[in-house]
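Examination of the molecular architecture
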Amino acid sequence: MDNRTEVQDFLTSRRARVAPEQAGIPVYGRSRRVKGLRREEVAMLAGVSVDYYVRMERGNISGVSESILDAVARTLQLSEVEHAHLYDLANTANSSGARRARPAAHHVRPAVQRIIDSIAAPAWVRNGKADFLAGNRPGRALYAPIFVDPRRPGNTARFLFLDPRAGDFYPDWPEMARGMVATLRAEAGKHPYDKGLTDLIGELATHSEPFRQLWASHEVLVHRNGTKRLRHPVVGDLELTYEAMQLTTDEGLTLLIYAAEPGSRSEEGLRLLNSWAPQEDAEEAEGGPFAPLNEPLTRRTQ
């Protein structure tokens, strides 16, 4: 990905999102040809010359000070994650193009695996490119559909956009798709030289029109917690809360843990899932437990 193009598209899209009224600029009834703020309005509000801001929006942010980046971020009303993304783009512009790439981690330390295995709730570890690197049995069972693809590690982004099962597995598919693309965009801003990440984005853009459209929106996001609805092919509908925690010793790795509301139908679904999960290891040796995954649990356990 070209950094100058990334900067240009990001700043242009964020500027178009801010209405003059939101920025405190009066509008006197005449039509505006520009969606959102004009460049000169951003420059005025950020306290820089018009020429300077135009240079920035054309992708040249090398040498731009933190104070100016902060002023532009305030003017464009960037979120915390978007503000950090702008800093990431500036850091890339200020670094050597020959900077050594930081590949996404592909391994989980045995100590981390033991901790995951000790958790009763579904838990798994991902890297920045959405690889499912490790999980406990409930975690692997919860995300069983992604392992139908024989490629390892399983990848939730590839499943989301390239596997037809994803529309059933994620009842809120449009929301999930937007969140995934925004997360990958944020990761690409932090690590623009990660070839594995770039290859994944290229694969998704080549084979998925929804991905291409969402990628063009330049949204950025970091998931820390929330609620996720899944339609599991074995236990049915689940509504789960999750927490995403960075593994500080292992840069780029995130531990996710899921839980259901006590006494809810989803909690019962997780109990059923746990009763099914021990079958996984034995069946995986026979070619995988997920071929007949669309059958209900009652049929699978007869």
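Here's what I pulled together on the structure shown here. (Residues numbered from 1 in each chain as written. Predicted model: local features only at pLDDT ≥ 70, side-chain atom pairs only at ≥ 80, totals over all residues. Heavy atoms only, no water.)

1. Let's talk about unusual backbone geometry
Glycine aside, residues mostly have negative phi angles, and peptide bonds mostly take the trans form. P153 follows R152 through a cis peptide bond whose omega is 0 degrees. With respect to the helices, strands and loops of the structure, P153 is situated in the loop between α7 (137–142) and β3 (154–155). In this structure, A130 is a non-glycine residue whose phi angle is positive, near 70 degrees. In this fold, A130 is placed in the loop between β1 (123–126) and β2 (131–135). You can call A130 buried: its relative accessible area is 5%. Positive phi values are uncommon outside glycine, yet H218 reaches one of about 60 degrees. With respect to the secondary-structure elements, H218 resides in the loop between α12 (209–215) and β4 (225–232). (Helix = DSSP H or I, 4+ residues; strand = E, 2+ residues; numbered from the N terminus. Buried < 20%, exposed > 50% of the residue type's maximum accessible area, 1.4 Å probe, protein only.)

2. Looking at the nonpolar core
In terms of nonpolar packing, the biggest core is built from 42 residues, with L142, Y143, F161, Y170, L184, F211 and Y258 touching the most fellow members. Element by element, the count of residues in this core is highest for helix α10 (residues 173–190), at six residues. Leave out the neighbours within four places in its chain, and Y143 touches W124, F132, T156, F169, Y170, K228 and Y258. With 24 residues, the next largest nonpolar core counts V7, V18, A71 and A90 among its residues. (Core = buried A, V, L, I, M, F, W, Y, C linked by side-chain atoms within 4.5 Å. Contact = heavy atoms within 4.5 Å.)

3. Some thoughts on the packing of helix α2 (residues 39–46) against helix α3 (residues 50–57)
The interhelical angle for the contact between α2 and α3, taken along N-to-C directions, is 115 degrees, at an axis separation of 9 Å. When the axis of α2 is compared with that of α3, the two are roughly perpendicular. Judged by the twist between their axes, the crossing of α2 over α3 is right-handed. Residues R39, E40, V42 and A43 of α2 lie in contact with α3, whose contacting residues are V50, Y53, V54 and E57. Each residue belonging to the contact of α2 with α3 can be placed in one class, and the counts come to five nonpolar, no polar and three charged. (Axes fitted to C-alpha atoms, helices over the stretch in contact; angles between N-to-C directions. Parallel < 35°, antiparallel > 145°, perpendicular 65-115°, else oblique. Left-handed = near helix turned anticlockwise from the far one by under 90°. Nonpolar A, V, L, I, M, F, W, Y, C, P; charged D, E, K, R; others polar.)

4. Regarding the pairing of strand β5 (residues 236–246)
Two strands pair when backbone bridges link them, and β4 and β5 are joined in this way by eight bridges, in the antiparallel orientation. Residue pairing for β5: H232 is matched across the bridge by G236. In this structure, the hairpin formed by β4 and β5 is closed by a connection of three residues. Both β5 and strand β6 (residues 254–259) contribute to a ladder of six bridges, which runs antiparallel. When the bridges of β6 are listed, Y242 appears paired with Y258. (Pairing = 2+ DSSP bridges.)

5. Brief notes about the pattern of salt bridges
Evaluation of the coordinates by the stated rule reveals 19 salt bridges. Across the salt bridge formed by E57 and R39, the nearest N and O atoms sit 2.9 Å from each other. Of this pair, E57 sits in helix α3 while R39 sits in helix α2; the two residues are 18 residues apart in sequence, bridging distant segments of the chain. The closest approach of N and O atoms between R165 and D163, which form a salt bridge, is 3.0 Å. Here R165 falls in the partly exposed class, since its relative accessible area comes to 38%. Here the salt bridges do not stand alone but share partners, grouping R14, R17, E82 and E219 into one network. (Salt bridge = Lys/Arg side-chain N within 4 Å of Asp/Glu carboxyl O.)

6. With respect to the sheet that holds β4
Spatially, the six strands line up as an open sheet ordered β3-β2-β1-β6-β5-β4, and their pairing is antiparallel. Single-partner strands in this sheet number two, and they are β3 and β4. Contacts between helix α6 (residues 110–117) and the sheet are confined to β1, β2 and β6, with β2 contributing the most and set at about 70 degrees to the helix.

7. Some details on helix α11 (residues 195–207)
With 13 residues, α11 should reach 18 Å at 1.5 Å per residue; the first-to-last C-alpha distance of 18 Å fits that figure. Of the positions making up α11, those classed as buried are L197, L200, I201 and L204. Along the axis of α11, the buried residues cluster in a sector spanning 95 degrees; they form a single face. Exposed side chains of α11 directed beyond 90 degrees from the buried face belong to K195, T206 and H207. Elements in contact with the buried residues of α11: β3, α8 (156–162), α10 and α12. N-capping of α11 is provided by D194, with a side-chain oxygen placed 3.1 Å from the backbone N of G196. (Expected span 1.5 Å × (residues − 1). Arc of directions from axis to C-beta. Polar contact = N/O pair within 3.5 Å; in protein donor to acceptor, adjacent residues only side chain to side chain.)

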